[in-house]
Amino acid sequence: MEAPDFIDCDVVVVGTGAAGVAAGLAAAEGGAKVYVISKMPHHAPSPTTRAWGGMTWSTEQTADELIRQVVHTGGFLSDQRRVRQFADAVPATLNKLRIEGCDFDDPQPAGEGMPGIVRWSYRGVDSGEEAIQRLIDASSAQCMWLFAATEVLVQDGAVCGLAAIGLKAREAVIFRCPCVILASGGGAAAFQRTDNPPGATGDGIAMAWEAGAELVDLELISFGYPEARVQDVLERGEELREELLGLGYGHYFLGGVRVDERCETNVRGLYAAGEVTGGLFGAARLGGAALADCFVFGLEAGHNAAFAAQTRAVELDHIVVDAACDRIEGILRGSRAPAPVHERIRRILWEHVGPVKTAGSLQHAVEELHAIEADLAFTGGASREYIRAAVEARQMHTLGGLIAQASLERKETRGCYWRSDYPEPDNEGQLRNIVLRKAKSGCELSSQPPVMTELTEPPAPRIGAGCFGYLTRLSDAIGPGSGR
Ligand SMILES: Cc1cc2nc3c(=O)[nH]c(=O)nc-3n(C[C@H](O)[C@H](O)[C@H](O)COP(=O)(O)OP(=O)(O)OC[C@H]3O[C@@H](n4cnc5c(N)ncnc54)[C@H](O)[C@@H]3O)c2cc1C
C-alpha cells in the first residue's frame, strides 16, 4: 500500500472518554498541537457516557483516609505511590473541572465513619456526556471521530507516531508525533456478557503490548454478579458452570498498561490514562473512583506529554510506516466478514477466562484462540462496521491471550478475581503484581511485590462482585457496595 501523507502534531490522544478529553485539554493548554481521536461517532455511548456520574473525592485533610479505602479495597495490590498521587490530586482536579464548566451536585457523605470522603455527582441528565462535552468545548485540542487506531509506531524504543484507519474514507492515516496518550478505556466488552457499550474492547492494552509497553495485573477484571452466587463460583464453579455463565457481566478492567507517576510507560513518549491503565486499584475498585482516576491522570498525562513533546523531534522510518500500512491494507481488503470471529472471541473469553475459571478452562481458551488465528487474518472488508469489527477482533484476540496467561499465573482468589481451583486468597505466595511484556519468544512474564509505601500490613482481602462499597471498619468482610 502506498504510504499516505502524514499528519504532523505533538500529541495524539486515543479516546474521547473522560481520560481522553482531560488529556487533550491539558496537552493543548501546555502549548501542544493535539488531536483526540475516537473510533466511534460523536455522541456514541461509551463507559464514560454510561457512567452514573458518582465520583469519590477526598479533601486536602482526608487524603490518608481515601488511600486507606483504595488500598484495602484492592487487597493490597495497588501501587501505593500512585494511590498517594491520586488522593493528593483530587481536590485540585475537581476545581479544574469546575473552572472548565463541569457542573456538580452538592457532595454527599460517602458513608459513616469516613469524615471527609464524599461523593460528587455530575449535574445534568446525560451527565457523563455533558461533562466531557464541556471539556471538549473548553479545549483547543481537535477531536476526530471515526478514526480507529491500529498501532503505535515505535522506533529505537521511542514513539514516532500512530497508525489509524479513517472509517469514513476507509483509508490509512499516519500521525507523525513524539507522544501518544492511550485513553482508550478498558476491555469489558471483549466478554460476551457485559454492561459496557460496544467498542470497549481493550484496543489500547493490546496496542501498548505490541509497542513493547509493560502491562500489569491484566487478569484483574471486575465482573458484576449476583452476590449470593459468588460463593457458588468459588466452591462449585465447574459443577455449575453452565448455570453460572448465564449470570453476570464484565464490568471494569482493574489491570492494564503500566505507567509511572508521569503516566508514561516504559516506551518513551507513550503515555496512558484512565481505565486502560492498571496498578492503581489492585484487585477491586472503590465505587465512584474510576471517573476520578480518569480526570486526575488524564490531566497529568496531557500535561507531561505536552512538555515532553517540546524536546523531541521525530523522523518516521518508512519501513515502520510501510509495515503498518500493509496491515491496514490487509483489513481493508479482508475477504471474510468479521462478525463471527468477533463473537467467537467474546464467547471464548466469557466462558473460559471470565468469572468462572480454572487452569483447565484457561488453557482451553489459549488453544481455542490459537485455533482461530488463520480465520482472523482474513477478516475485514469495505464497510465502516466491518473495518471496526476487524480491528477490534485482532485487538481482542491479543488481549484475550494475555489475560489467559496472566490468569494462569495468579493462583488465588482476591477481590474481584476468582479462581474456582484456588478459591482462597494467598497473602503468603500471591501478594504480587504480575507484569507482562512482549519478548522475541512471545510473552515474558514476571512478578514483583506491590509498592507499599504507606500501608504495610495486609489483612485477608475482601472478595466480591462489581465495585466495592466503603469500609467503615477494617474488619468489615463485606462484599460489593452500591457504587459503580
Ligand atoms: C454502566 C457503567 C456505569 C459506571 N458508573 C460509574 C460511576 O458512576 N462512577 C465511576 O467512577 N465509574 C463508573 N463506571 C466506570 C467508568 O465509567 C469508566 O471506568 C470510565 O468512564 C472509563 O473512561 P475512559 O476515559 O478510561 O474510557 P472510555 O469511557 O471507555 O472511553 C474510551 C474511548 O476510547 C475510544 N477508543 C477505544 N479504542 C479505540 C481505537 N482503537 N481507536 C480510536 N478510539 C478508540 C472509544 O471510542 C472511546 O472514545 C461505570 C461504568 C459502566 C460501564
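Residues numbered from 1 in each chain as written. Predicted model: local features only at pLDDT ≥ 70, side-chain atom pairs only at ≥ 80, totals over all residues. Heavy atoms only, no water.

Let's shift gears to the sheet that holds strand β3 (residues 34-38). Taken in spatial order, the five strands of this open sheet run β7-β3-β2-β11-β16, and their pairing is parallel. Two strands in the sheet have a free side with no partner beyond their single neighbour: β7 (142-145) and β16 (270-272). Between one strand and the next, the sheet's axes are offset by a mean angle of 20 degrees, whatever the strand orientation. Pairing of strand β11 (residues 179-182) with β16 involves three bridges; the strand directions are parallel. Looking at β16, one finds that Val 180 is bridged to Leu 270. The strands that helix α1 (residues 18-29) touches are β2 (11-14), β3 and β11; relative to β3, the one it contacts most, it runs at about 170 degrees. (Pairing = 2+ DSSP bridges. Helix = DSSP H or I, 4+ residues; strand = E, 2+ residues; numbered from the N terminus. Axes fitted to C-alpha atoms, helices over the stretch in contact; angles between N-to-C directions. Contact = heavy atoms within 4.5 Å.)

The immediate surroundings of the ligand are formed by 38 residues, with Thr 48, Gly 54, Ala 149, Asp 203 and Glu 275 found nearest. Ser 38 places a polar side-chain atom, nitrogen or oxygen, 2.9 Å from an oxygen atom of the ligand. For the ligand, whose free accessible area comes to 1,000 Å², the fraction covered by protein is 97%. At the level of elements, α1, β3, α2 (47-50), β8 (147-155), β14 (249-253) and α9 (289-309) are the ones that each hand at least two residues to the shell around the ligand. Looking at the shell around the ligand, the element that brings in the most residues is α9, giving four residues. Tallied by class, residues from the shell around the ligand come to 17 nonpolar, 14 polar and seven charged. (Near = heavy atom within 4 Å. Polar contact = N/O pair within 3.5 Å; in protein donor to acceptor, adjacent residues only side chain to side chain. Areas by Shrake-Rupley, 256 points an atom, 1.4 Å probe, with all protein chains shown as cover. Nonpolar A, V, L, I, M, F, W, Y, C, P; charged D, E, K, R; others polar.)

We now examine the side chain of Glu 412. Positionally, Glu 412 belongs in the loop between α14 (384-409) and β17 (433-439). On the basis of relative accessibility, which here comes to 0%, the residue Glu 412 falls in the buried class. Within the structure, the side chain of Glu 412 is placed 3.0 Å from the side chain of Arg 410, a separation counted as a polar contact. Of the polar contacts made by the side chain of Glu 412, one reaches the side chain of Arg 414; its length is 2.8 Å. (Buried < 20%, exposed > 50% of the residue type's maximum accessible area, 1.4 Å probe, protein only.)

As a further point, take the packing of helix α6 (residues 203-210) against α14. Direction vectors running N to C along α6 and α14 enclose 70 degrees, while the axes themselves pass 8 Å from each other. Between α6 and α14, the interaxial angle falls into the category roughly perpendicular. Residues Asp 203, Ile 205, Ala 206, Met 207, Trp 209 and Glu 210 of α6 form the contact with α14, whose participating residues are Val 391, Glu 392, Gln 395, Thr 398, Leu 399 and Leu 402. (Parallel < 35°, antiparallel > 145°, perpendicular 65-115°, else oblique.)

Okay, the packing of aromatic side chains next. Applying the stated criterion across every chain yields a total of eight aromatic pairs. Taking the centre distance of 6.2 Å and the plane angle of 85 degrees together, the rings of Phe 86 and Phe 281 count as edge-to-face. Of the two residues, Phe 86 sits in helix α4 (residues 80-99) while Phe 281 sits in the loop between β16 and α9, which places them 195 residues apart along the sequence. On the accessibility criterion, Phe 281 (2% relative accessible area) is buried. (Phe/Tyr/Trp six-rings, centres within 6.5 Å; stacked < 30°, edge-to-face > 60°.)

Hydrogen bonds between backbone groups are what pair the strands of a sheet, and the pairing can be parallel or antiparallel. A sheet is described by the order of its strands in space; here four strands give the open sequence β1-β10-β9-β8, paired in mixed fashion. The strands lining the two open edges of the sheet, one partner per strand, are β1 (6-8) and β8. Here the average twist between neighbouring strands, direction ignored, is 30 degrees. Two strands pair when backbone bridges link them, and β8 and strand β9 (residues 158-166) are joined in this way by eight bridges, in the antiparallel orientation. What sits directly across from Gln 155, in β9, is Ala 158. Set on the sheet, helix α10 (residues 318-332) makes contact with β1, β8, β9 and β10 (171-176); between it and β8 the angle comes to about 155 degrees.

Partitioning the protein chain into structural domains gives domain 1 (6-236 + 248-317) and domain 2 (334-443). Each of domain 1 and domain 2 has a C-alpha centre, and the two are 21 Å apart. Contacts between domain 1 and domain 2 engage 53 residues on the former and 45 residues on the latter. Between domain 1 and domain 2 lies a buried interface of about 4,300 Å² when both sides are counted; carbon and sulfur atoms form 66% of it. Here domain 1 and domain 2 share five salt bridges between them. Residues Arg 410 and Asp 217 are paired through a salt bridge, measuring 3.4 Å at the closest nitrogen-oxygen approach. (Domains from an automatic or database assignment. Buried area = accessible area lost by both parts, 1.4 Å probe. Salt bridge = Lys/Arg side-chain N within 4 Å of Asp/Glu carboxyl O.)

Here we come to helix α3 (residues 63-73). Burial of α3 is extensive: 10 of the 11 residues sit out of reach of the surface. For α3, the complete set of buried residues consists of Ala 63, Glu 65, Leu 66, Ile 67, Arg 68, Gln 69, Val 70, Val 71, His 72 and Thr 73. On its buried face, α3 sits against β4 (54-57) and α4. Looking one or two places after α3, you find Gly 75, whose phi comes out positive at around 65 degrees.

What follows is about helix α12 (residues 359-371). Taking 1.5 Å per residue as the helical rise, α12 with its 13 residues ought to reach 18 Å, and the 19 Å between its terminal C-alpha atoms agrees with that figure. Residues Ser 361, Leu 362, Ala 365, Glu 368 and Leu 369 constitute the buried set of α12. Each buried residue of α12 sits inside an arc of 120 degrees when the element is viewed along its axis, so together they form one side. In α12, the exposed positions that point more than 90 degrees away from the buried face belong to Glu 367, His 370 and Ala 371. For α12, the elements touching its buried residues are α8 (241-245), α11 (339-353), α13 (373-377) and α14. (Expected span 1.5 Å × (residues − 1). Arc of directions from axis to C-beta.)

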